[in-house]
Amino acid sequence: MTPTSPESPTSAETPTSPASTTRTRSTRRLTTAQALVAFLARQYTERDGRRHRLISATWGIFGHGNVAGIGQALVEAGNGIDNGDANAYGNTNAHSHSDWNANANGNGGWNGNGNGNGSRTAPRMPYLQGRNEQAMVHAAVGYARQSGRLSAHAVTTSIGPGATNLVTGAALATINHLPVLLLPGDTFATRPADPVLQQLEVPYAGDVSVNDCLRPVSRYFDRVTRPEALIPAALQAMRVLADPAETGAVTLALPQDVQAEAYDWPEEFFAERVWPVRRPAPDAAELEAAVRAVRSARRPLIVAGGGVRHSGAEETLAAFTAATRIPVASTQAGKGSLRHDHPADVGGIGHTGTATAGELARTADLVIGVGTRYTDFTTASGTLFENPAVRFLNLNITGFDAHKLAALPLVADARTGLEALTSALAGRSYRVDPAYETEYASAKEAWEEQVEASFATPDPTARPTQTQVLGLLDTLVTEEDILINAAGSLPGDLHKLWRARSRDQYHVEYGYSCMGYEIPAAIGVLLATEARTRPRPVWALVGDGTYLMNPTEIVTAVQENLPLKLVILQNHGYASIGGLSEAVGGERFGTAYRHRAPDGGFTGPPLPVDLAANAASLGLHVLRATTVDDLRKALAEARDAEGPTCVYVETETPDTVSGPPPAQAWWDVPVAETASRPAAVKAREEYDRQVAARRRHL
């Protein structure tokens, strides 16, 4: 039978049971891949009365495992950006001010908001060309985060290494609770040739493929071994992607023969579906317990996590602090929940946090976690919250996180929960003691003096330090700019020092802290912020170690003419791990990018790599800066550039000028218990001293 056009329904008889009569229903004959793409183009999320295209584009690198399936289906669906599908940008660009009634909204973007159908009968599926499978997932994750988890991208690969390259990106997405749909090709379901190219053979199991590596890092996994099995699998995939408590990486493994196999699909499968993004309210009893806990607290502290941003709860958090005057410390994912100059904002918390937040945490009698997972960086590996009487109240959309640290749970959407808590406290006349307000306001002012000292550039002809680079950016950016980072020493400096001016300016991926995330994520963010019509300055900040991990998506930025602003900081090695290695007795072993010395160590001259030339060879316009003055001009030029631009600077170590303040809290990295080298022996003594302060909150 000749396949019909994707636009042409046909009529077919449905199988009947002996007790039933024959019925007819409308069907459409398509391949499994064509059906999947057509299905995805009609899925939407809805929250607060606004609709968003759930899967607004598909990234892909093609090989024998998907070229004739998903690849051909994308050709059928249209391979460009359809303004009929993605034309409702939705800009809510309000920002907060430095008063107690601050608001803090973000921005919409190229995320297919609105009806999404335009004048077309069949919505198109835009295609984006990647250069590395892991990087494609990172780009999709950056897009999803910037889109408020209401819109996502799909990623398709061939079998073999293309599929296994997805694993790192999938882990990052799942750990950070960010939606991405993975569509790796798989080996033949019918096994006409066994093994096929790139097939993993497992002697004890014939149904295992390399895609099974994706199971533990996916929130939902299914292998579609028959066309009709796609229907329940696809519906479950959408359910998980749209569920704020469950979302993460979703994998549908697609055997290459099944992708190309035709089937008579019921028309109902292609009906437009809207997946409501829930805002669950708190249980009445849990809410009353939470109110009692807050009212009895004398030194409460809020820990704002990524859930504040995902819920769009920034305004509600500001209203809660306006009513209660409780200070707010932020995790890496939660930074920007309040503007840096909001009176209640006391900066980052934990190992990379501010001294202000650290001292408040040590003396807090109630810690109110809002949308946080309490990672070891946040809790200083269980040593930060020192008050013997400290208790925890956790507002989180997942019960798993709400119960951490033996907390009173308040299981709810962050915005809905904060609204309920604010309302319930309104009639109880709760507000912290004015002396407590004065205390943290004074401590915050003192910390700002340290920030200014770190950012200061007294000699414009000197080579800048890393913190001075941040200081120069700080003088340049507005609330429109977005900074992206993930790994190295930059996350620590940014968490301590950066002055977030809007809810979405601070984009640091620290759940997985994945080197190589920044450049592709910036592409995803640009796609979500209307880069083609109303660009916002998006900065990807990377060290040389991170750059060498994954620079390939520069080519994609050039291909799409996206105004990426890439800043490469050359410090000749793994600076962050080098510092950690020194602290734990590792003597910076294997962390410098240098020639081998005669003694066999990597202590010779720096390697003669030219990352600026490499970036230029991939198509970027490159600006080299050697001094503070050069850098100031280069950053300004890059910000105004309409195309992808790179600023390259070799940074100075902060030995002779003010560098970043030291860590304000401990982090548990075990040190060798027995060692002969003095550095390790000394480090172990310090480790034993610190670990003695750890406690379990029960």
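Residues numbered from 1 in each chain as written. Predicted model: local features only at pLDDT ≥ 70, side-chain atom pairs only at ≥ 80, totals over all residues. Heavy atoms only, no water.

Visitor: Would you mind showing me how to read the confidence of the model for the protein chain here?
Guide: Residues shown with low pLDDT carry predicted positions that ought not to be read at fine detail. Residues at a pLDDT of 70 or more form 89% of the protein chain, whose mean pLDDT is 89. With pLDDT under 50 throughout, residues 1–21 is counted as low confidence; its partners more than four residues away or in other chains account for 31 contacts. A low-confidence stretch, residues 80–120 (pLDDT under 50), is modelled with 128 contacts involving residues beyond four sequence positions or located in other chains. (pLDDT = per-residue confidence, 0-100. Contact = heavy atoms within 4.5 Å.)

Visitor: Even after reading the chapter, I still don't get the pairing of strand β7 (residues 152–157), so can you show me in this structure?
Guide: Regular strands show a simple pattern: their side chains alternate between the two faces of the sheet. In terms of burial, β7 is largely enclosed, as six of its six residues are buried. Burial along β7 is two-sided: the residues Ala152, Ala154 and Thr156 and His153, Val155 and Thr157 are all buried. Of the pairings in the sheet, the one linking β7 to strand β8 (residues 180–186) comprises four bridges and is parallel in character. The residue of β8 that forms the bridge with alanine 154 is leucine 181. (Buried < 20%, exposed > 50% of the residue type's maximum accessible area, 1.4 Å probe, protein only. Helix = DSSP H or I, 4+ residues; strand = E, 2+ residues; numbered from the N terminus. Pairing = 2+ DSSP bridges.)

Visitor: Quick question: what am I supposed to make of unusual backbone geometry here?
Guide: With an omega of 10°, the peptide bond running from aspartate 194 to proline 195 counts as cis. For proline 195, the location among the structural elements is in the loop between β8 and β9 (220–223). Look at tyrosine 374: it is not a glycine, yet its phi comes out positive at around 55°. Along the polypeptide, tyrosine 374 turns up in the loop between β16 (366–370) and α12 (376–379).

Visitor: What exactly am I supposed to notice about the side chain of threonine 379 here?
Guide: Looking at where threonine 379 falls in the secondary structure, it is placed in helix α12. Beyond its immediate stretch of four places on either side in the chain, threonine 379 contacts Tyr374, Leu384 and Phe385.

Visitor: Please explain the sheet that holds strand β17 (residues 391–396) as it appears in this structure.
Guide: Pairing between the strands of a sheet comes from backbone hydrogen bonds, and it takes one of two forms, parallel or antiparallel. Taking strand neighbours across the sheet as the criterion, the six strands line up as β15-β14-β13-β16-β17-β18 in an open arrangement whose pairing is parallel. Of all the strands in the sheet, the pair left with one neighbour each is β15 (345–348) and β18 (408–411). Averaged over all adjacent pairs, the angle separating strand axes in this sheet is 20°, with direction ignored. Bridging between strand β14 (residues 328–330) and β15 involves two bridges; their strand directions are parallel. Directly across from serine 330, in β15, lies its bridge partner glycine 348. (Axes fitted to C-alpha atoms, helices over the stretch in contact; angles between N-to-C directions.)

Visitor: It is not clear to me how the nonpolar core should be interpreted in this structure. Could you clarify?
Guide: Note that soluble globular proteins tend to have their nonpolar side chains buried in a common cluster. Formed by 53 residues in total, the largest nonpolar core has its most connected members in Trp59, Val155, Leu182, Tyr547, Leu566 and Ile568. Take this core: its biggest share by element is eight residues, from helix α18 (residues 518–528). By size, the runner-up hydrophobic cluster in this structure holds 50 residues, among which are Ala293, Val346, Val370 and Tyr374. (Core = buried A, V, L, I, M, F, W, Y, C linked by side-chain atoms within 4.5 Å.)

Visitor: Can you help me understand the pattern of salt bridges in this one?
Guide: Close approach of charged atoms lets side chains of opposite charge pair. All told, the structure shown has 41 salt bridges when counted by the stated rule. For arginine 339, the salt bridge is made with glutamate 479, and the minimal N-O distance between the two is 3.9 Å. Within this pair, whereas arginine 339 is found in the loop between β14 and β15, its partner glutamate 479 is found in the loop between α16 (466–476) and β19 (482–485), the two being separated by 140 residues in sequence. Just as arginine 339 is buried, glutamate 479 falls in that class too. Across the pair arginine 463 and glutamate 650 runs a salt bridge whose closest N-O atoms are separated by 3.5 Å. Here arginine 463 is found in the loop between α15 (434–455) and α16, whereas its partner glutamate 650 is found in strand β24 (residues 645–650), with 187 residues between them in sequence. For arginine 463, a relative accessible area of 34% translates into the label partly exposed. Given the relative accessible area of 28%, glutamate 650 is considered partly exposed. (Salt bridge = Lys/Arg side-chain N within 4 Å of Asp/Glu carboxyl O.)

Visitor: How do you make sense of the sheet that holds strand β3 (residues 43–47) when you look at a structure like this?
Guide: With mixed pairing, three strands are arranged side by side in an open sheet as β4-β3-β12. A single partner strand is all that each edge strand has here, and the edge strands are β4 (50–53) and β12 (273–276). Looking at each pair of strands side by side, their axes are set apart by 35° on average, direction ignored. With respect to the sheet, helix α6 (residues 230–242) is in contact with β3 and β12, its orientation differing from that of β12 by roughly 40°.

Visitor: Can you help me understand the packing of α16 against helix α17 (residues 490–497) in this one?
Guide: Pairs of packed helices are described in terms of their axes, by the angle between the two and the distance that separates them. At a minimum axis distance of 11 Å, the contact between α16 and α17 shows a crossing angle of 50°. What the angle tells us is that α16 and α17 run oblique. Along this stretch, α16 crosses α17, giving a crossing that reads as right-handed. Taking contact as the criterion, the partners of Gln466, Thr467 and Leu470 in α16 are, on α17, Leu490, Asp493, Leu494 and Leu497. A breakdown of the residues in the contact of α16 with α17 according to their chemical character gives four nonpolar, two polar and one charged. (Parallel < 35°, antiparallel > 145°, perpendicular 65-115°, else oblique. Left-handed = near helix turned anticlockwise from the far one by under 90°. Nonpolar A, V, L, I, M, F, W, Y, C, P; charged D, E, K, R; others polar.)

Visitor: I'm lost on the environment of glutamate 582 in this one. Help?
Guide: By secondary structure assignment, the location of glutamate 582 is in helix α21 (residues 575–583). Taking the C-alpha atoms as reference points, glutamate 582 and alanine 680, separated by 98 residues in sequence, lie 9.0 Å from one another. Other than its neighbours up to four places away in sequence, glutamate 582 contacts Glu587 and Arg588.

Visitor: Quick question: what am I supposed to make of the packing of aromatic side chains here?
Guide: Following the criterion strictly, the structure yields twelve aromatic pairs and no others. Site record: aromatic cluster; members linked through ring pairs are Phe39, Tyr263, Trp265, Phe269 and Phe270. Positioned above the aromatic ring of phenylalanine 270 is the side chain of arginine 28, whose terminal nitrogen or guanidinium carbon lies 4.5 Å from the ring centre. Over the aromatic face of tryptophan 498 sits the side chain of arginine 501, whose NZ or CZ is 5.8 Å from the ring centroid. (Phe/Tyr/Trp six-rings, centres within 6.5 Å; stacked < 30°, edge-to-face > 60°. Lys NZ or Arg CZ within 6 Å of the ring centre and 35° of its normal.)

Visitor: How should helix α8 (residues 284–296) be read in this particular structure?
Guide: Note that an α-helix has 3.6 residues per turn; residues three or four places apart therefore point the same way. Spanning 13 residues, α8 covers 19 Å between terminal C-alpha atoms, matching the ideal 18 Å at 1.5 Å per step. Along α8, the residues classified as buried are Leu287, Ala289, Ala290, Val291, Ala293 and Val294. As for α8, its buried residues are in contact with β16, β17, β18 and α14 (414–426). Near the N-terminus of α8, the side chain that reaches the backbone nitrogen of alanine 285, with its oxygen 2.9 Å away, is that of aspartate 283. (Expected span 1.5 Å × (residues − 1). Polar contact = N/O pair within 3.5 Å; in protein donor to acceptor, adjacent residues only side chain to side chain.)

Visitor: Sorry if this is basic, but what is going on with empty space enclosed by the protein here?
Guide: Over the atoms rolls a probe the size of a water molecule, and its path tells where empty space is left. Applying the stated criterion to the full structure yields four cavities of 30 Å³ or more. Looking at the largest cavity, its volume works out to about 170 Å³. Contributing to the lining of the largest cavity are 19 residues, with Lys335, His340, Asp345, Gly347 and Glu448 lying nearest its centre. When residues of the lining of the largest cavity are traced back to their parent elements, those giving at least two are β15, α15 and α17. Broken down by class, the residue content of the lining of the largest cavity amounts to seven nonpolar, six polar and six charged. Here the second largest cavity defines a volume of roughly 50 Å³. If you go around the second largest cavity, the residues you meet are Arg47, Gly148, Arg149, Leu150, Leu241, Ala242, Asp243, Pro244, Thr247, Val277 and His310. Along the lines of polarity and charge, the residues of the lining of the second largest cavity split into five nonpolar, three polar and three charged. (1 Å grid on protein atoms, 1.4 Å probe; cavity = no way out; pocket = protein on both sides within 12 Å on 5 of 7 lines; lining within 4 Å. Points joined across faces, edges and corners; volume = space filled by probe spheres on them.)

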